[in-house]
Amino acid sequence: MTSVPRALPAPQVYAVSRPKPTRRWMVRMFFVYAILTAGAFLTVVPFVFTLSSSFKTAAEIRQVPPTFFPQNLTLDNYTTVLTDPDLPLATFYRNSAVVALANVFTNLFTSSLFGYIFAKFNFPGKRPLFIFLLAQLMIPFQVTMIPGYLILVKLGLLNNLLGLIIPSAINPFGIFLMRQFMKSVPDEILDAARVDGASEWRIYLQIVLPQIGPALATLGVLTFMFNWNAYLWPLIVLTEQNIRTLPIILTWYTNAHTNQIHLSMAAAVLVMMPVLAVFILMQRWIVQGIALSGLKN
Amino acid sequence: MAILADAFGGRDSSQKFFLFTSVSPMVIYMAIFSLLPVIWAFLLAFFDYSAQRTGAGPLGLGGNNPFVGLGNFENMIGGQSLEADLFRTSLNNTIAFAALVLPLNLLLTIPLAVLIEATNKRVKPIFRLIFFLPVVTSSVGVAIMWGFIYHPQNGLLNGFILSLDSILPSLGIPAPSRQIWLGNTRLVNGGVPLALICAVIAYLWQDFGYNTIIFIAALQGIPETFKEAARVDGASPLQVFRYVTLPLLRPTILLTSVLTVISAFQVFDLIQVLTPGGGQQAQTRVLTIDIYENAFRYQRMGWAAAVSAALFILVLLITLVQFRLLRSDWEY
C-alpha cells in the first residue's frame with residue numbers, strides 16, 4: 001500500500017467539483033433558474049402593480065377585474081399629490097431627511113467611539129456597562145416605548161424632531177457591530193501614534209475612523225433606512241401634522257382618501273422611492289452588513 | 001487593552017482624559033434614556049396609571065394613579081373585563097402569527113438560498129438584489145401595497161381569481177371564490193382568522209429576503225470539500241443537501257429561528273396599517289397593537305406596561321430556549 005499516493009491528484013478533484021455541462025446538469029440548472037425567476041417575478045409583482053396603478057386614471061383603477069398595466073398612462077395622480085395644499089410633501093420629505101441624517105450622524109459617532117472603547121480599552125465598570133448594552137438588545141421596543149414617551153413629555157420634546165433624534169443617539173446594535181470591526185485595527189498603529197505624542201481623541205478621529213470606512217458605510221446605510229422607514233415611534237412623538245415624517249403621512253393620506261387609491265399609490269411610490277434608490281446604489285454595504293450582523297449575533 | 005496600559009506604566013493622563021470625556025457622558029445618557037425607561041416600565045405595570053391624571057412623586061405614580069400590586073397581571077390571566085379579553089386574544093394572535101411565520105419562512109428561505117448559491121456568479125447578485133428589495137421597503141409602504149392587493153373590489157388578488165373563473169371550470173377544476181380578505185370575520189381556517197393569514201403572507205413577502213441573505217452567507221461558510229466528498233461517494237444533489245448541508249446549517253437555522261420568532265412577536269407597522277387597531281373583532285390584534293392602543297389611544301399606560309411585560313416574558317422565553325439549544329454548538 002506504500003506506493004499509493006497520499007493525496008489525490010489535483011486535476012481529478014477539480015473535475016469532480018466543477019461538473020462538465022452534461023445534459024443532466026443543464027436540465028438541473030434550467031429548473032434552478034426557472035424557480036428563481038418565478039420567485040423573482042412574484043417578489044416584484046406588488047411593486048410593479050403599485051407603480052403601474054399610480055399611472056392609472058381614477059376610473060380605470062375601479063374597473064372590475066382590475067387591469068395590470070394602465071390603458072391610458074396619466075401623470076395626473078403625481079401632479080395632484082405633489083401640489084395638494086393639505087399635503088406639503090416637501091415639508092415631510094425635509095422632516096424625514098433631517099431625522100434620518102441626524103440619526104446617521106449621531107449613530108456613526110457614538111457607535112464607532114464606544115465600539116473602539118469597548119474593543120481597545122479597559123476601565124472600571126466596563127463589564128457591567130457592556131452587559132447592560134447586551135441586555136438592551138433583548139428588551140422589546142414596546143416595553144420602553146411608554147416611559148420613553150413620558151420622558152419626552154417631561155423634556156418638552158413632544159412634536160419636536162429632536163424627540164426622534166436624541167433618544168436613539170446610542171444604538172447598542174451599532175456599538176456591537178463597530179466593536180467587531182475595531183478588533184481588527186492593529187494595536188501597533190495606535191501605539192506608534194501614542195509614541196509620536198498624539199492625543200487619544202486625535203488617534204480616534206484621525207487614525208481609527210479612517211480605518212473602518214466600510215463598516216461606517218454599512219452602519220450608516222442601515223441607520224438611514226431604519227429611520228426613514230420608522231413608523232411606531234414617530235407616530236407617538238409627532239402628533240401635529242406639519243411636523244410628521246413620511247410613513248405617518250402616507251397612512252394618514254391613505255385613510256383620508258379611502259376612495260382614491262390612485263392617489264395613495266402615487267404617494268406610496270413617492271415615499272418608497274428614496275430608500276429603494278439608496279439600497280440599489282449601496283446594496284453591497286447593506287447585504288454585507290446584514291450577513292455579518294446576523295452571523296455574529 | 002490591558003497590554004497597552006501596562007506598556008506605558010499604567011494609564012497615562014491622555015488615556016484617562018479620553019475615557020473620562022467619552023464614557024461619562026455615555027453613562028449619564030444611558031441612565032436617562034436606557035436605564036430609567038426600563039425601571040419606569042417595570043414600576044408602571046404595578047399601577048393604574050394614566051398620563052392625563054396627576055399622580056404623586058417624580059414619576060407621577062401614586063395619588064390619582066393608584067398602586068394596584070399584581071392587579072393588572074391577575075386581570076390578564078383570569079379577568080372578565082373587556083381589556084383582559086382583548087389581551088388574551090392579542091396573545092393568541094401573536095403566538096399564532098409567529099407560529100405560522102417561522103416554518104413558512106424557513107421552508108421558503110433555506111431552499112431559496114441553496115438555489116441562489118447554485119447559480120452563476122454573475123446572476124447571483126441580481127437575484128439577491130431582487131429578493132432583498134421588500135426588506136428595505138418601508139413596512140407602511142408594504143402594508144399599503146398589500147392592502148390594495150387584498151382590496152375586495154379593485155384588488156389584484158380578487159381580480160386574479162376572477163380571471164381564473166373563466167379558465168379553471170373548463171378544465172374541470174373548481175375555481176376559488178373571491179373574498180373580503182381583510183374584513184370578513186366569519187371565515188376561519190383551522191381556528192386562524194383569514195385576515196391573520198393574509199397578514200402572515202404580506203409579512204413573509206416583506207421579510208424572507210433577510211433570512212435568505214443570512215443563509216447564503218452561512219452556505220458560503222461551509223467548506224466545499226465536504227460536499228465534494230459526498231459527491232465523490234455518489235450522493236445526489238438532494239442527498240448532499242439533506243445529509244451534508246442541512247446538518248452543517250443547524251446553528252444558523254437555530255439562530256435565525258429565534259430572531260425570526262422575536263421579530264414576528266414585535267410586528268406592528270404592517271398589521272396596524274393593513275387592519276387598524278387589529279381589524280374586525282380583533283382578529284389581527286397582536287400584543288404590540290394592544291400595547292399601542294391601550295397606552296396612546298385609551299391612556300391606560302399602567303395596563304399597557306403590564307401587557308408589554310408579558311411581551312417581554314415571551315421574548316425572554318424564546319431567548320432562553322436559544323441559549324439552551326446553542327450550547328450544543330459544533331465546530332467544523
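Residues numbered from 1 in each chain as written. Chains lettered and ligands numbered in written order. Predicted model: local features only at pLDDT ≥ 70, side-chain atom pairs only at ≥ 80, totals over all residues.

Enquirer: Let's hear about the overall build of chain B: which residues, and what values?
Expert: A tally of helices and strands in chain B yields 13 helices and two strands. Computed over its C-alpha atoms, the radius of gyration of chain B comes to 26 Å, more than 25% above the 20 Å expected for a compact globule of 332 residues. If one aligns the C-alpha atoms of chain B with their principal axes, the spans along those axes are about 75 × 65 × 35 Å. (Helix = DSSP H or I, 4+ residues; strand = E, 2+ residues; numbered from the N terminus. Rg over C-alpha atoms; globule rule 2.2 N^0.38 Å.)

Enquirer: Which residues make up the overall build of chain A, and what are the values?
Expert: When you go through chain A residue by residue, the secondary structure sums to 14 helices and zero strands. The secondary structure elements of chain A, listed N-terminal to C-terminal, are α-α-α-α-α-α-α-α-α-α-α-α-α-α. In terms of overall dimensions, chain A is more spread out than a globule: its C-alpha atoms have a radius of gyration of 26 Å, far above the 19 Å expected for 297 residues. Counting only C-alpha atoms and orienting by the principal axes, one finds that chain A spans roughly 85 × 70 × 35 Å. Here chain A, with 297 residues, has 37% of them falling under the buried criterion. (Buried ≥ 20, exposed ≤ 12 C-beta atoms within 10 Å, placed from the backbone.)

Enquirer: Break down the domain arrangement of chain A for me, with residues and values.
Expert: Residues and elements named next belong to chain A. When cut into domains, chain A gives domain 1 (20–73) and domain 2 (83–296). If you average the C-alpha positions of domain 1 and of domain 2, the two centres end up 34 Å apart. Domain 1 puts eight residues into the contact, and the matching count from domain 2 is seven residues. Looking at the side of domain 1 that touches domain 2, its residues break down into three nonpolar, four polar and one charged. (Domains from an automatic or database assignment. Contact = placed C-beta atoms within 7 Å. Nonpolar A, V, L, I, M, F, W, Y, C, P; charged D, E, K, R; others polar.)

Enquirer: Quick rundown of the interface of chain B and chain A? Include the residues and the values.
Expert: Counting residues at the interface gives 81 residues for chain B, matched by 74 residues for chain A. Counting residues per element, the side of chain B that touches chain A draws most heavily on helix α2 (residues 13–44) of chain B, which supplies 18 residues. Of the residues contributing to the side of chain B that touches chain A, the split by class is 59 nonpolar, 17 polar and five charged.

Enquirer: A description of the nonpolar core should follow, citing residues and the corresponding values.
Expert: Ranked by internal contacts, the top residues of the largest apolar core, which has 142 residues, are I146 of chain A together with A199 and L270 of chain B. It is helix α8 (residues 194–220) of chain B that provides the largest number of residues to this core, a total of 16 residues. Counting residues domain by domain, this core receives three or more from each of domain 1 (20–73) and domain 2 (83–296) of chain A. Ignoring any residue separated from it by four or fewer positions in sequence, one finds A199 of chain B in contact with L270, I271, L274 and T284 of chain B. (Core = buried A, V, L, I, M, F, W, Y, C linked by C-beta atoms within 7 Å.)

Enquirer: Tell me about unusual backbone geometry, and please be specific about residues and values.
Expert: Residue N159 of chain A is not a glycine yet carries a positive backbone phi of 55°. Within the fold, N159 of chain A resides in the loop between α7 (141–155) and α8 (172–182). Looking at N159 of chain A, the number of C-beta atoms within 10 Å reads 15, which means it is partly exposed. Notably, Q299 of chain B is not glycine yet its phi reads approximately 60°, a positive angle. Here Q299 of chain B shows up in the loop between α12 (287–297) and α13 (301–326). Residue Q299 of chain B is classed as partly exposed on the basis of its 15 C-beta neighbours within 10 Å.

Enquirer: Tell me what's going on with the packing of helix α4 (residues 82–118) of chain B against α12 of chain B, and back it up with residues and numbers.
Expert: Residues and elements named next belong to chain B. Interaxial distance between α4 and α12 falls to 8 Å at its minimum, and their mutual angle equals 150°. The orientation of α4 relative to α12 falls into the category roughly antiparallel. On α12, the residues touching E83, L86, F87, S90, L91 and T94 of α4 are L287, I289, D290 and N294. (Axes fitted to C-alpha atoms, helices over the stretch in contact; angles between N-to-C directions. Parallel < 35°, antiparallel > 145°, perpendicular 65-115°, else oblique.)

Enquirer: Which residues make up the confidence of the model for chain B, and what values go with them?
Expert: Residues and elements named next belong to chain B. Residues at a pLDDT of 70 or more form 94% of chain B, whose mean pLDDT is 87. Confidence scores differ between elements of chain B, with helix α1 (residues 2–7) showing the lowest mean pLDDT of 44 and α12 the highest of 95. In the model, residues 1–10 has pLDDT below 50 throughout and makes nine contacts with residues more than four positions away in sequence or in other chains. Scoring the predicted complex yields pTM 0.89 and, for the interface, ipTM 0.88. (pLDDT = per-residue confidence, 0-100.)

Enquirer: Provide a residue-level description of the confidence of the model for chain A, including the pertinent values.
Expert: Looking at chain A as a whole, its pLDDT mean stands at 86, while 91% of the residues score no less than 70. Across residues 1–16 of chain A, confidence stays below pLDDT 50; counting only partners more than four residues off in sequence or on other chains, it has five contacts.

Enquirer: Account for α2 of chain B, naming residues and giving values.
Expert: Spanning 32 residues, α2 of chain B covers 44 Å between terminal C-alpha atoms, matching the ideal 46 Å at 1.5 Å per step. Helix geometry: α2 of chain B is bent most strongly at A31 of chain B, by close to 45°. (Expected span 1.5 Å × (residues − 1). Bend = angle between axes of the 7 residues up to and from the residue.)

Enquirer: Tell me about the environment of I32 of chain B, and please be specific about residues and values.
Expert: With respect to the element layout, I32 of chain B can be found in helix α2. Along the backbone, I32 of chain B and D233 of chain B are 201 residues apart, and their C-alpha atoms lie at a distance of 62 Å.

Enquirer: So what about the environment of T245 of chain A? Which residues, and what values?
Expert: Residues and elements named next belong to chain A. Structurally, T245 can be placed in the loop between α12 (232–237) and α13 (246–256). Expressed as a C-alpha distance, the spacing of T245 and A230, which sit 15 residues apart in the sequence, is 8.8 Å. Here T245 is in contact with F92, N95, S96, V99, P234 and L238, once residues within four sequence places are set aside.

Enquirer: So what about the environment of Q283 of chain A? Which residues, and what values?
Expert: With respect to the helices and strands, the residue Q283 of chain A is situated in helix α14 (residues 261–296). Residues Q283 of chain A and V221 of chain A, spaced 62 residues apart in sequence, show a C-alpha to C-alpha distance of 9.2 Å.

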